[in-house]
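# An overview of the molecular structure
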Amino acid sequence: AVVSTQSTGGDIGVNGCWAKETPHIDQMAADGMLFMDFYTANPLCSPSRAALMSGRLPIRNGFYSTNAHARNAYTPQVMVGGIHEYEQLLPELLKDAGYKSKIIGKWHLGHRDQYLPLRHGFDEFFGSGNCHFGPYNDVNQPNIPVYKNDKMVGRYYTNFTIVKGTGESNISQIFLEEGLSFIESQVKAETPFFLYWTPDATHGPTYASPMFHNKSIRGRYGDAVMEMDYCVGRILDTLRQLQVDQDTFVFFTSDNGAATYSKIQGGDNGPFLCGKETTYEGGMREPGIAWWPGTIKPGQITHQLGTIMDLFTTSLSIAGIKPPSDRIIDGIDLTPTLIAGNIQDRPVWYYRGDEMMAVRVGAYKAHYWLWTEFKGKKQPETYFSFCQGQLVPNVTVHDQVNHTTDPVVFNINRDPGEKYPLGQHSAEYKAAMKVISPIVAEHKATLIKGEPSLNYCDNAVMNWAPAGCGDLNYCLPIPPSKPKLCYWDH
């Protein structure tokens, strides 16, 4: 699985990006299947990655907060919690079938020792528990460690250079070589493998290596996208060269929509409304490209509703493993779609923190809550940082608006930008809600929420002294523990 960070369909040529700077990903789609209706499980990074690894909505696996209503939460380095031990993650289950697993890049399911990848089924790890934020002074806040397996081998900025002013860094190339080396070693050993390659160069502060620096007509963010595209191409070429391409399923997607508030360092959500942090289409609708030569016919386009959680169930199916039967799994098996083009009916849930904001069933999306962002002190009434340049009256809103008794409904196939709500007295609205209402009622009646993991923060749990810091003489003093409820703006 190749999972990028807040890069979206609007960044990819095959999805309509005007710059046409992703030839390798575009060719991947031409050689495989393009999902036009593919979704993440949350409009923020950590919960969506927890959903991918567990096959379960964040509200079930605990990757949410109850500190305030409908708030997005993630795992900054002050986060006390992480993925629950009782969650059965994809690499743990694949191990039963003899698979060797490696994650390269951003983990984001908790950075404390008990939450790191090797404690949850991965055999190898090269990357970080957090995003590459910084640089920090290592006094008020430590720089983020980079791990090789269970020990840090340096920190971002101090050991793994990112020139923040220019956006230059070789980290994506390091991640690429780690990935190619892993593939080559597993093929040589004739061992089945799972590679979770998840670079974060497209997350601000964006960066690219010298070979891509200042190459994109879209600026620094475009440089990062071009390098990601190059890396995807190298991975697929290596599979072909090793003659295992017909035995390998590869999927490309992203963890959330483009960060419109990052402006020129953010991506392009194409025709969709708003972006990251929101449950409009721009926050959760992602690129989805499946590649499996010899099994997936080339040039396929599907309107199957897919989610990042489906990669959990589909991967298990390909490996001949049944998903856990003692819990609800939200991901569906996409192999009937991949192989035969079948379409399966299923809902897509849009959660923001502890609240179900919307659901899509077929062509129709019903918003039960509307909220874009709180209005800042100096923010004009008509401006939304999460929806740069977009304003839909009574849809993009500064206050949380409860529509549970009168959902706002769009025909997403006809109106992907969510500009024209259906009239509540129209026959189309009534027919849509006749189908949607019982699905929502059953979901709410049977929902068992996981214990929230993202409620508490503490400066003492930051990356002061990770495993391996002593080998580098790079351990920092740990301050006294003062846990408190985390504050989530949106």
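Use the structure listed above.
Model, not experiment: these values are computed from the prediction. (Residues numbered from 1 in each chain as written. Predicted model: local features only at pLDDT ≥ 70, side-chain atom pairs only at ≥ 80, totals over all residues. Heavy atoms only, no water.)

## Here's the deal with the overall build of the protein
Within the protein, the secondary structure is distributed over ten helices and 19 strands. Looking at the protein as a whole, 61% of its 490 residues are labelled buried. Per element, the accessible surface of the protein, about 18900 Å² overall, is 53% carbon and sulfur. Counting 42 positive and 50 negative side-chain charges, the protein places the centres of these two groups 4 Å from one another. (Helix = DSSP H or I, 4+ residues; strand = E, 2+ residues; numbered from the N terminus. Buried < 20%, exposed > 50% of the residue type's maximum accessible area, 1.4 Å probe, protein only. Areas by Shrake-Rupley, 256 points an atom, 1.4 Å probe, with all protein chains shown as cover. Lys, Arg positive; Asp, Glu negative; His and termini not counted. Charge placed at Lys NZ, Arg CZ, Asp CG, Glu CD.)

## Quick look at the sheet that holds strand 12 (residues 347-352)
Taken in spatial order, the four strands make up an open sheet running 12-13-14-17, and their pairing is antiparallel. Whereas interior strands pair on both sides, the edge strands pair on one side only; in this sheet they are strand 12 and strand 17 (408-411). Averaged over all adjacent pairs, the angle separating strand axes in this sheet is 20°, with direction ignored. Strand direction decides the pairing type here: strand 12 and strand 13 (residues 355-361), joined by six bridges, are antiparallel. Each bridged residue has a counterpart across the sheet, and for Arg-352 the counterpart in strand 13 is Glu-355. Where helix 10 (residues 427-446) meets the sheet, its contacts fall on strand 12, strand 13, strand 14 (364-367) and strand 17, and the angle it forms with strand 13 comes to roughly 130°. (Pairing = 2+ DSSP bridges. Axes fitted to C-alpha atoms, helices over the stretch in contact; angles between N-to-C directions. Contact = heavy atoms within 4.5 Å.)

## Some remarks on the state of the cysteines
For the coordinates displayed, the defined rule picks out three disulfides. Paired by a disulfide, Cys-274 and Cys-387 hold their sulfur atoms 2.0 Å apart. Of note, the bridge from Cys-274 to Cys-387 carries an S-S torsion of about 95° and is right-handed in sense. Here Cys-274 is found in the loop between strand 8 (250-254) and helix 7 (281-284), whereas its partner Cys-387 is found in the loop between strand 15 (369-370) and strand 16 (401-402), with 113 residues between them in sequence. Take Cys-274 and Cys-387: they sit in the same class, and that class is buried. Between the sulfur of Cys-469 and that of Cys-475 lies a disulfide, 1.9 Å long from S to S. Since a negative S-S torsion denotes a left-handed disulfide, the Cys-469-Cys-475 link at about 95° is right-handed. (Disulfide = S-S within 2.5 Å.)

## Comments concerning the packing of helix 1 (residues 23-31) against helix 6 (residues 220-241)
For the pair helix 1 and helix 6, the least separation of the axes is 7 Å and the interaxial angle reads 50°. The pairing of helix 1 with helix 6 is recorded here as oblique in orientation. When helix 1 is examined against helix 6, the residues Pro-23, His-24, Ile-25, Met-28 and Asp-31 are found in contact with a partner set consisting of Met-228, Asp-229, Tyr-230, Val-232, Gly-233, Leu-236 and Arg-240. A class-by-class count of the residues in the contact of helix 1 with helix 6 yields seven nonpolar, two polar and three charged. (Parallel < 35°, antiparallel > 145°, perpendicular 65-115°, else oblique. Nonpolar A, V, L, I, M, F, W, Y, C, P; charged D, E, K, R; others polar.)

## Quick notes on unusual backbone geometry
The amide bond that connects Gly-134 to the next residue, Pro-135, takes the cis arrangement and shows omega of 0°. Along the polypeptide, Pro-135 turns up in the loop between strand 4 (124-128) and strand 5 (145-148). Cis geometry is found at the peptide bond from Gly-204 to Pro-205, where omega equals -5°. Along the chain, Pro-205 turns up in the loop between strand 7 (193-198) and helix 6. Of note, Gln-243 is a non-glycine position whose phi angle comes to about 60°, a positive value.

## Things to note about the nonpolar core
Membership of the largest hydrophobic core comes to 69 residues, with the highest contact counts inside it found for Met-53, Trp-107 and Tyr-368. Broken down by secondary-structure element, the contributors of at least two residues to this core are strand 2 (33-39), helix 2 (45-54), helix 4 (90-95), strand 7, helix 8 (310-318), strand 12, strand 13 and helix 10. Per element, the largest residue contribution to this core is five residues, and it comes from helix 10. (Core = buried A, V, L, I, M, F, W, Y, C linked by side-chain atoms within 4.5 Å.)

## A look at helix 5 (residues 171-188)
The end-to-end C-alpha separation of helix 5 is 26 Å, in line with the 26 Å expected for 18 residues at 1.5 Å each. Buried positions along helix 5 lie against strand 3 (100-106), strand 4, strand 7 and helix 6. Downstream of helix 5 by a residue or two, Glu-190 has a phi angle that is positive, lying close to 55°. (Expected span 1.5 Å × (residues − 1).)

## Brief notes about the packing of helix 5 against helix 6
Pairs of packed helices are described in terms of their axes, by the angle between the two and the distance that separates them. Between helix 5 and helix 6, the shortest axis-to-axis distance is 10 Å and the interhelical angle comes to 15°. By the angle class used here, helix 5 and helix 6 are roughly parallel. Between helix 5 and helix 6 lies a crossing whose hand is right-handed. Residues Ser-172, Gln-173, Leu-176, Glu-177, Leu-180, Ile-183 and Glu-184 of helix 5 touch helix 6, and the partners they reach there are Glu-227, Tyr-230, Cys-231, Arg-234, Ile-235, Thr-238 and Leu-239. Split by residue class, the contact of helix 5 with helix 6 holds seven nonpolar, three polar and four charged. (Left-handed = near helix turned anticlockwise from the far one by under 90°.)

## Digging into the pattern of salt bridges
As enumerated under the stated definition, the model contains 21 salt bridges in all. In this structure, the salt-bridge partner of Arg-346 is Asp-310, at a minimum N-O distance of 2.8 Å. On the criterion of sequence distance, the pair formed by Arg-346 in the loop between helix 9 (335-340) and strand 12 and Asp-310 in helix 8 is long-range, its members being 36 residues apart. Residue Arg-346 is classed as buried on the basis of its relative accessible area of 9%. What emerges from the salt-bridge pattern is a single network uniting Asp-37, Glu-281, Arg-285, Arg-360, Lys-365 and Glu-418. (Salt bridge = Lys/Arg side-chain N within 4 Å of Asp/Glu carboxyl O.)

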